Amino acid sequence: METMRKPFQGVLNIVRFNWHFYVFAFVLVLGLFFVANYFAPPVRTVLIGVGILATASTLISLLASFYVYDLAGLYTYLARPAKCH
């Protein structure tokens, strides 16, 4: 019997088990953007760039996980019974 997976179940499991990393990343990015306001433009640009890269890498990781675990049919493939010849 095949169990039905809920939408976004794979990504939600990743976030649920690794929530502390996502909270840390969120706080780090907010801190970078906040601190960047107190620096001159060259340093400000670097800090904002680092914040954008951290945000982008987190979102790309979650999008890749969404594709693999929720869209690609991985669990549909794994749920099929093996054929014996």
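As the structure is a computational prediction, the values presented were derived from the model and not from experiment.

(A) Broad picture of the layout of surface pockets. Taken as a whole, the second largest pocket spans an internal volume of roughly 160 Å³. What lines the second largest pocket is Tyr22, Ala25, Phe26, Val29, Leu30, Ala54, Thr55, Thr58 and Leu59. Listed by contribution, the elements that provide at least two residues to the lining of the second largest pocket are helix H2 (19–36) and helix H3 (41–71). Here the lining of the second largest pocket gets five residues from one element, more than from any other, and that element is H2. Broken down by class, the residue content of the lining of the second largest pocket amounts to seven nonpolar, two polar and no charged.

(B) Broad picture of unusual backbone geometry. Here phenylalanine 8, not a glycine, exhibits a phi torsion of approximately 65°, which is positive. Here phenylalanine 8 lies in the segment before helix H1 (9–17). Judged by its relative accessible area of 46%, phenylalanine 8 is partly exposed.

(C) Quick peek at a nonpolar patch on the surface. On the surface, Trp19, Val23, Phe26, Val27 and Leu30 cluster together into a nonpolar patch covering about 540 Å² of accessible area. On the secondary structure map, valine 23 appears in helix H2. On the basis of relative accessibility, which here comes to 43%, the residue valine 23 falls in the partly exposed class.

(D) Region of interest: H2. Here H2 spans 26 Å end to end across 18 residues, near enough to the 26 Å set by a 1.5 Å rise per residue. Ala25, Val29, Leu32 and Ala36 are the residues of H2 that are buried. Relative to the axis of H2, the buried residues are bounded by an arc of 60° and lie together on one face. Residues of H2 that are exposed and angled more than 90 degrees away from the buried face: Trp19, Phe24, Phe26, Val27 and Phe34. Buried residues belonging to H2 abut H3.

Basis of the calculations
Residues numbered from 1 in each chain as written. Predicted model: local features only at pLDDT ≥ 70, side-chain atom pairs only at ≥ 80, totals over all residues. Heavy atoms only, no water. 1 Å grid on protein atoms, 1.4 Å probe; cavity = no way out; pocket = protein on both sides within 12 Å on 5 of 7 lines; lining within 4 Å. Points joined across faces, edges and corners; volume = space filled by probe spheres on them. Helix = DSSP H or I, 4+ residues; strand = E, 2+ residues; numbered from the N terminus. Nonpolar A, V, L, I, M, F, W, Y, C, P; charged D, E, K, R; others polar. Buried < 20%, exposed > 50% of the residue type's maximum accessible area, 1.4 Å probe, protein only. Patch = residues over 30% accessible without salt bridge, like charges linked within 9 Å, V, L, I, M, F, W, Y side chains within 5 Å. Areas by Shrake-Rupley, 256 points an atom, 1.4 Å probe, with all protein chains shown as cover. Salt bridge = Lys/Arg side-chain N within 4 Å of Asp/Glu carboxyl O. Expected span 1.5 Å × (residues − 1). Arc of directions from axis to C-beta. Contact = heavy atoms within 4.5 Å.

What is shown is where atoms sit, not what they do.
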